[in-house]
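What the coordinates show
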Amino acid sequence: MPDSDLTALSTEAYVYGFPLVFNLDQVLRYVNEGIGANPAAPFNSFSHARKMAGPADTFVTINNDTVYSMAQLDLGVGPVLLHVPDTAGRYYVLQFVDAWTDNFAYVGHRATGTAAGDFLLVPRGWAGDAPAGATVIEFPTRVASIVGRWACAGEDDLIAVAALQDATTLTPLDHGATAQGLPRPAASDSEALLFFDKLRLWSQSFPGAERDQSLQASLSPLGINDSARPVTETAEAVTQALASGYTHGQAVLQKVLHSGGSSPVVNGWKLTFHAFDYNLDYFQVGALDDPAFKIADPKMRIVERAAAAAGGLWGNHAYEAAYIMTYVDDRGEQLTGARTYTLHLDPTPPVGAFWSLTMYDVPNFFMVDNPIDRYSIGDRTPGIVYEDDGSLVITISHTEPTNSTARANWLPAPAGDFRPVLRMYEPDGSILDQSYAFPAITRIA
């Protein structure tokens, strides 16, 4: 194969494989190191944060609305029993994400209600008898994640949330089984070769959907389907192509992130209601098998999956939580802490649960320290001041406002470029069909 073709194939391989590699890197972080408020926890156990996320939680586009309970599952041990407590109507969601970042099941307020319940988590193809009263959830890949979020009204509510977290348990039926974990890639000083060797190993250990197998097979000239030989040991022309493809693939991904991909743009907002609709194959409890939430274009599906992982790993389907984001103001210019802006929500977003606007830096999409420790603002924020007509004017700036109302409704911004994200939990149909209008962020100084 000509070198130019190898580079083009490597670029395609990067975009295809990015969700798997990036996702499983985060799985390992949770298992071995923990992230921010979530301590490390071994496979098949929960890591519970005991506070809202903040700048110390260096995880892409993490939310500041809920308290996280994370679990990395390895069903190489066989079935695992999940128990959830009665939350007495409190919003929570346990989102199930496979190795390729497919959202394949949901347990919680919208999907299964808030009564106590038991769910048997089983590996693909499992045939057996579940305990009485337990609902079976089949995993597409041996390793997968539970991303748990608990609505929390603030510091005074943390004790109640902690009690619910502690009552949420995972119990392997085979108590003596040991998790296999992830195969280890070949050591390399090259970021690119390390990435592609992870893709080689992990794509074979955690095969994707059947519809993606022809694409997987096409990567054989790159050594990705070699079960024995690391990519570091392939021909020099291949390793050079992999290095070039890695760089080109990153550029493609950044371009898609900033252009919004196939997501429509309204008043500068990227309406990413369908950014997580790339799962076409796995629908367990709470996951809707609905054409309205499926990306039909096969090439766009692969690109959107990569962009969704890079810009908002472990994001929900829009029917659970709708996300929109923007980089620009009403003049089409990059948002920056050097300026002052307002966002006039009239009316505020209609939701079944709650909504929030959260601030992130660019390009990392992390929260940034600020003098009032406020990283998001929304309908549950204490002390916000509404207009007489019920609308809400949010002030966004790096410098603290002097006006009392603007200060009450202030969302602090970093000194440099930033990207806010508006989240709407259990959004009304008017949000998803775009009949609700999102206003531009207006520059005022």
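Residues numbered from 1 in each chain as written. Predicted model: local features only at pLDDT ≥ 70, side-chain atom pairs only at ≥ 80, totals over all residues. Heavy atoms only, no water.

This part takes up the overall build of the protein. Looking only at helices and strands, the protein has eight helices and 21 strands in total. Across its three principal directions, the C-alpha atoms of the protein cover 65 × 55 × 40 Å. The buried share of the protein, taken over its 445 residues, is 56%. Put simply, 74% of the contacts in the protein that link residues at least 6 apart link residues at least 24 apart. Summed over all atoms, the accessible surface of the protein reaches about 17200 Å², with 51% contributed by carbon and sulfur. (Helix = DSSP H or I, 4+ residues; strand = E, 2+ residues; numbered from the N terminus. Buried < 20%, exposed > 50% of the residue type's maximum accessible area, 1.4 Å probe, protein only. Contact = heavy atoms within 4.5 Å. Areas by Shrake-Rupley, 256 points an atom, 1.4 Å probe, with all protein chains shown as cover.)

The feature "domain: DUF1214" (unreviewed entry), as annotated in UniProt, sits at residues 320-428 in this numbering. When the span residues 320-428 is considered, its composition is 5% helix and 29% strand, and the gap between its end C-alpha atoms is 10 Å. (UniProt positions renumbered as here; feature names shortened; annotations may be inferred.)

Attention now goes to the domain arrangement of the protein. Accessible area lost upon the coming together of the parts is a frequently used measure of interface size. Entries for the protein in the domain assignment read domain 1 (1-259) and domain 2 (265-443). Taken together, the contacts link 61 residues of domain 1 with 51 residues of domain 2. The shortest N-O distance in the salt bridge between D212 and R305 comes to 3.6 Å. Inspection of the region where domain 1 meets domain 2 yields 30 residue pairs in polar contact (both at pLDDT 80 or more). Taken together, the elements giving at least two residues each to the side of domain 1 that touches domain 2 come down to α1 (3-32), β4 (66-74), β6 (92-98), β7 (103-108), β9 (134-138), β10 (143-151) and α5 (236-259). Counting residues per element, the side of domain 1 that touches domain 2 draws most heavily on α1, at nine residues. (Domains from an automatic or database assignment. Salt bridge = Lys/Arg side-chain N within 4 Å of Asp/Glu carboxyl O. Polar contact = N/O pair within 3.5 Å; in protein donor to acceptor, adjacent residues only side chain to side chain.)

Glancing now at the side chain of N279. Its location among the elements puts N279 in the loop between β13 (269-271) and α6 (298-312). Judged by its relative accessible area of 1%, N279 falls in the buried class. Among the polar contacts listed, one links the side chain of N279 to the backbone oxygen of Y282, at a separation of 2.7 Å. Non-local contacts of N279, meaning those with residues more than four positions away in its chain, are made with D102, N103, F104 and K294.

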